[in-house]
Amino acid sequence: NQGLIWEARVALSTLPTLLGIAVWGLAGDKNAVADTVAESIWFRADGNGVVNVENDDTVNTNDDIASGTTLTAGTYAIFRIDCTTIADCLFFIDGARVASGTTFNMSQVAGLKLQPYFAIQKASGAGLGVLDVDYVRIWQKRS
């Protein structure tokens, strides 16, 4: 809870196929079941390139909230999650705030202790997907 801001420049050079999804953002402990993490706040895209945003702090949950952005395969964008106020985290894509009509509350995560998280997952089969990460920046106050 020190004003955490996460930013990454990301591209999906191959959009996920066969029910695959890509996620990038912040997460807690990884669970064995695909697309389930104990605590998370991230961007999510599937094979159509539509980017949604999600959060789950074990009490407050928002799934598949539209960002209004669709990625084109191979095109980079800058994604930011601003947790300066953990009861109202903000999402940005290429500098523009997205999903502003939803409150993303992460206050149930003790100290907002999360780690950078990037994943492409699929249910089964021969699905494809490539997530390219150019950079990740994370900053916050020291105390």
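Refer to the structure printed above.
No experiment lies behind these values; they were computed from the predicted model shown.

Side note on the nonpolar core
Then step 1. Within the largest apolar cluster, 32 residues are counted, with the highest numbers of intra-cluster contacts made by Trp24, Ile41, Phe43 and Phe79.
Then step 2. Every element with two or more residues in this core is listed here: β1 (4-14), β2 (21-27), β3 (40-45), β4 (50-56), β6 (77-83) and β7 (90-93).
Then step 3. Broken down by element, this core gets its largest block of residues, five residues, from β1.
Then step 4. Once residues lying within four places of it in the same chain are set aside, the contact partners of Phe79 are Trp6, Glu7, Ala8, Val10, Trp24, Phe43, Val51, Leu71, Phe92 and Ile93.

Digging into the pairing of β6
Then step 1. Within β6, five of the seven residues are buried, leaving the element largely enclosed by the surrounding structure.
Then step 2. Relative to β6, β1 runs antiparallel, the two being bridged by seven bridges. Bridge pairing links Arg9 to Ile78 in β6.
Then step 3. Here four bridges tie β6 to β7, and the two strands are oriented antiparallel to one another. In the sheet register, Phe79 faces β7, and the bridge partner there is Ile93.

Reading guide: rules and limits
Residues numbered from 1 in each chain as written. Predicted model: local features only at pLDDT ≥ 70, side-chain atom pairs only at ≥ 80, totals over all residues. Heavy atoms only, no water. Core = buried A, V, L, I, M, F, W, Y, C linked by side-chain atoms within 4.5 Å. Buried < 20%, exposed > 50% of the residue type's maximum accessible area, 1.4 Å probe, protein only. Helix = DSSP H or I, 4+ residues; strand = E, 2+ residues; numbered from the N terminus. Contact = heavy atoms within 4.5 Å. Pairing = 2+ DSSP bridges.

Just distances and angles here, no functional claims.
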